[in-house]
Structure formats: structure tokens, C-alpha cells
Amino acid sequence: MLDITITRTTAPKQKPDENHLGFGHFYTDHMFIMDYTAGQGWHSPRVVPYQPLLLDPAAMVFHYAQESFEGLKAYRTAEGQVQLFRPNKNAERMQKTHERLCIPTIPVEDFVQAVKALVSVDADWVPSAPGTSLYLRPFTIATEAHLGVKPSDAYQFIIIASPSGAYYAEGLNPVKIYVEDEYVRAAPGGTGAIKCGGNYAASLAGQTKAHAMGYSQVLWLDGIERKYVEEVGSMNCFFKINGVIRTAPCSGTVLPGITRMSCIELLRDWGYTVDCETRLSIQEVMEAAQNGTLEEIFGTGTAAVVSPVGKLYYEGTEITVGNNEIGPVTQRLYDTLTGIQWGTLPDEKGWVVTI
Ligand SMILES: *Cc1c(COP(=O)(O)O)cnc(C)c1O
């Protein structure tokens, strides 16, 4: 149990209009911070007014990118209750990220307690308009002032919160995806399976290229042969081909999404065959589109929940998936997950944690 000190703001901000929140534009009145000092461990957990950080310019995070992050949401139910979706999974994943980046780990219970503490203090920032939520961004940065390359001996673990709008203002719109065959997101032995800012820095060039060509997201291929599909931007990617649902295995280069694991579990409950062990080549996807067996493609992630893919561009050919309409499996997953998250469906799996 953390002994969290709470200092409330004396100057609460004006709350933004719940119908025009967008994503990542607004921040609540408070933030959580906890320090790590070598020899002392994690200490001084506190909720304080939202404020800028004061860091030495030599802080190691600026130079060698020793940084981890997570993403989860707090949802308001129709009864006014606030709840989280599987926050222990975010805590466990952050531990794996920290291990890979030589950052000391944070106990799962402490991570969840910290999230709950911030959400409790900022509870009136959890919006209630349909589809809105309070997006939570836990992250850890290396703060030791030192220019030699080595693991830092000081860190800060911080959580900020951002009220966010409905991801799909006009319903679930299929997105257009560009299959990247030049840049690589992740390679075996690298950091593709953990959540760190460096992965995103390296993905911007591909993303910029896709945007310039009129596509909203990049589908990354494996880093060795540029042959097998891996994931889309900040989402895992599923393909329904000839009745079977396929997604890339999490064997080191794919981020193990919590939405991904939840979708796999639901799909199996519903009787679908889900293959998340065999790699799927982009060639197979293109052939399935040609011979009419490509039924649905969708991305999964905390921000969008489930995102239907309507068009896919690969090496000069653009295919259309399911008439550029949302498929029945995609829709059912969306309805079920959002129903559990916002409390309109019963939480039969024990995925929800109330505040
Ligand atoms: C966060 C993330 C996902 C989705 O994970 P969820 O836990 O479902 O939100 C997928 N891919 C990448 C690269 C990510 O960073």
C-alpha cells in the first residue's frame, strides 16, 4: 500500500465542453508523481496540482530515451459510477517494459492504487457524454543528470489524465491503411513488444508518408522479410479470412494489447476460430481480397476500441475490405467491449474495476 499525499489545487480549471473534447487536448487539475532514488527505491507518492516538470537538461530521458508509458481509460456509467477496464494488465505490461529498459519495476498494486487515487481526486473530470472517457497516461522517465550511457539511478513515475471525446464522432468509420514496405517498426530482440516512446519516434516517418498518400494509418510488416503483417499504428490488427480470425502472434515484435487479448477471449467464447499463433503474410491478405475470402479487417486498441479497416494499399494495389463497411464481427466486438466498459452490459469476466 502506498501512503499517497494529496495536495488539492487552489485554482481549479474551467472544464472543457464535453461535446468537443477530441483526444489529448485537455488535462485535469491534478497529476500523480512518485520518485525513485537508487538505494531508496520508489518513494514520495503524491497527487499534486497539474504542473510543469522541472528537470535538469542533462536528465537522461532527453538523451537516451529511457522512458515507458501506458494508456487506459476511466469510464462513467449511466448511474454515475466511475470504472476502469483491466488496469492490472496495464500494470503488468509496464513491468515488462521496465524490465526491458532497465527501469526499476513498480508493484502492480501500487500502479493500480496510484491510478485510482488520481481518478478519485479528479473524479468530476470523468465526462459523461456518450462515448467520452478520461484517458489516463502513466509514464516513467529517467531523471538522473548524466551524459554517460547507462541506466539512470533516478526516475519519476507520473500519471496525467485527459478527458477525451468519442473516438468516432459519426459512428464507426472504416479507415484507410497503407502497408509500409520500407521502414520497419520493430525487429526481433528490439523493443516492439513493450510500450516506449522510442518506438513511436521511429514510426513517424512511415506515418508521415502514409498521410501524404491519403492513408490514415500504417500497417507494419515484420522487420526481417517485410512479408508478415504485424500491427497498425497504435493498434493490433485482426483479419477475418474464410471464417477464421487471424492476428499476428505476440512473439517479440508485436505489442501485446489488452484490447487484443480481450477480443481473442470474446471471439473464442462466441465460437470463432482465432489463430494468433501463425504468422499471416501480406500476400495471403491480398490473395484473399482477390478471391473474395477476405471478410473483415479491424484494429484494436484502448483509444479506438475497435477500428474497421475499409481500404488497404500495398505496393501499388488498393483493395477494399467488406465493401468499405463495418463487418458484423467488428461491430459485435465494439458493442460488447464498449458495453462492458461503460457498464451497459454485465461484466461477466470481472474485467471492470470500480473506483
Ligand atoms: C498501446 C498499443 C497497442 C494497443 O494496446 P491496448 O492495450 O489494446 O491499448 C497496440 N500497438 C501498439 C504499438 C501500442 O503502443
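As the structure is a prediction and not an experimental result, all values here were calculated from the model. (Residues numbered from 1 in each chain as written. Predicted model: local features only at pLDDT ≥ 70, side-chain atom pairs only at ≥ 80, totals over all residues. Heavy atoms only, no water.)

### Here's the deal with unusual backbone geometry
Our working definition: A run of DSSP states H or I qualifies as a helix once it reaches four residues; a run of E qualifies as a strand once it reaches two. Both are numbered from the N-terminal end. Note on classification: 1.4 Å probe, protein chains only; a residue is buried when its accessible area is under 20% of the maximum for its type, exposed when over 50%, partly exposed between these limits.
Notably, Arg86 is not glycine yet its phi reads approximately 50°, a positive angle. By the secondary structure assignment, Arg86 is in the loop between strand 6 (82-85) and helix 2 (87-100). Relative accessible area serves as the criterion here: at 9%, Arg86 is assigned to the buried category.

### Examining empty space enclosed by the protein
Rule in force here: Here a cavity denotes a set of grid points, spaced 1 Å apart and computed over the protein atoms alone, in which a 1.4 Å probe fits but from which it cannot get out, and a pocket denotes an open set meeting protein on both sides within 12 Å along at least five of seven lines; residues with an atom within 4 Å of a point are reported as lining. Grid points are joined across faces, edges and corners, and a volume is the space filled by probe spheres set on the points. Polarity classes work like this: nonpolar for Ala, Val, Leu, Ile, Met, Phe, Trp, Tyr, Cys and Pro, charged for Asp, Glu, Lys and Arg, and polar for all others, with Gly in that last group. An automatic or database domain assignment supplies the start and end points of every domain.
Under the criterion given, the structure shown has 2 cavities of 30 Å³ or more. Approximately 100 Å³ is the volume found for the largest cavity. Secondary structure elements with two or more residues in the lining of the largest cavity: strand 5 (72-76), helix 2 and helix 6 (258-269). Ranked by residues supplied to the lining of the largest cavity, first place goes to strand 5 with 3 residues. Of the residues belonging to the lining of the largest cavity, the class tally is 5 nonpolar, 6 polar and 2 charged. If you count residues domain by domain, the lining of the largest cavity takes at least three from each of domain 1 (5-165) and domain 2 (175-341).

### Some thoughts on the site of the ligand
Cut-off, in case you're wondering: Working definition: residue near molecule or strand if any one of its non-hydrogen atoms lies within 4 Å of it. Pairs of N or O atoms are called polar contacts if they sit within 3.5 Å, as long as, within protein, a hydrogen donor faces a hydrogen acceptor (for residues adjacent in sequence, only side-chain-to-side-chain pairs). The Shrake-Rupley method, run with a 1.4 Å probe, gives the accessible areas here. Residue values count only the displayed protein chains as cover. Should more than half of a molecule's atoms lie within 2 Å of a pocket's or cavity's grid points, that molecule is taken to sit in it.
As a matter of local geometry, the ligand sits amid 15 residues, with Lys195, Tyr200, Glu231, Thr259 and Thr302 nearest to it. Within the side chain of Tyr200, one N or O atom sits 2.5 Å away from an oxygen atom of the ligand. For the ligand, whose accessible area on its own is 390 Å², the fraction buried by protein is 96%. Of the pockets mapped on this structure, the ligand occupies the largest pocket. Every element with two or more residues in the shell around the ligand is listed here: strand 12 (235-241) and helix 6. For the shell around the ligand, the class distribution of residues is 4 nonpolar, 7 polar and 4 charged.

### Things to note about the side chain of Arg76
Applicable threshold: Positive residues here are Lys and Arg, negative ones are Asp and Glu, while His and the chain termini are left out of the count. Basic side-chain nitrogens of Lys or Arg form a salt bridge, by our definition, when they fall within 4 Å of a carboxyl oxygen of Asp or Glu. Residue contacts are counted whenever heavy atoms from the two residues lie within 4.5 Å of one another.
Along the polypeptide, Arg76 turns up in strand 5. Buried within the structure, Arg76 lacks any salt-bridge partner; its nearest side chain of opposite charge belongs to Glu18, at an N-O separation of 6.4 Å. Side-chain polar atoms of Arg76 contact the backbone oxygen of Ala123, separated by 2.7 Å. Filtering out sequence-adjacent residues up to four positions away, Arg76 remains in contact with Gln81, Val82, Ala123, Asp124, Val126, Pro127, Ser128 and Trp342.

### Some remarks on the layout of surface pockets
Looking at the largest pocket, its volume works out to about 520 Å³. Forming the walls of the largest pocket are 28 residues, and the residues nearest its centre are Tyr135, Lys195, Tyr200, Ser234 and Ala303. Each of two domains, domain 1 (5-165) and domain 2 (175-341), supplies a minimum of three residues to the lining of the largest pocket. The computed volume of the second largest pocket comes to approximately 210 Å³. For the second largest pocket, the lining is made up of 13 residues, of which Tyr200, Ser203, Leu204, Gln207 and Gly233 are closest to its centre. Breaking the lining of the second largest pocket down by element, the ones donating at least two residues are helix 4 (197-201), helix 5 (204-212) and strand 10 (217-221). Here the lining of the second largest pocket takes 4 residues from helix 5, the largest share from any one element.

### Focus on the nonpolar core
This is how the line gets drawn: Definition of nonpolar core: a set of buried residues of the types Ala, Val, Leu, Ile, Met, Phe, Trp, Tyr and Cys, connected through side-chain atoms within 4.5 Å.
With 47 residues, the main nonpolar core has Phe32, Ala74, Phe111, Val115, Leu136 and Phe157 as its most contacted residues. Take this core: its biggest share by element is 9 residues, from helix 3 (residues 108-121). Ignoring sequence-local partners within four residues, the contact set of Val115 consists of Leu72, Leu84, Leu136 and Ile159. Counting residues in each nonpolar core, the second largest holds 24 residues, with Leu221, Cys237, Phe239 and Met286 among its members.

### Notes on the domain arrangement of the protein chain
Which entries qualify depends on this criterion: When two components associate, each loses some accessible surface as probed by a 1.4 Å sphere; the sum of these losses over both components is called the buried area.
Considered domain by domain, the protein chain is made up of domain 1 (5-165) and domain 2 (175-341). Its C-alpha centre places domain 1 at a distance of 27 Å from the equivalent point of domain 2. Listed per partner, the contact involves 19 residues of domain 1 and 20 residues of domain 2. Summing the contributions of domain 1 and of domain 2, the shared interface buries around 1700 Å²; its carbon and sulfur component is 61%. Contact with domain 2 buries surface across domain 1, with Phe69, Phe85 and Arg93 losing the most and accounting together for 35% of the total. On the surface where domain 1 and domain 2 come into contact, there are 0 salt bridges. Put simply, the parts of the chain that give the side of domain 1 that touches domain 2 at least two residues each are strand 4 (67-69), strand 5, strand 6 and helix 2. With 6 residues, the top contributor of residues to the side of domain 1 that touches domain 2 is helix 2.

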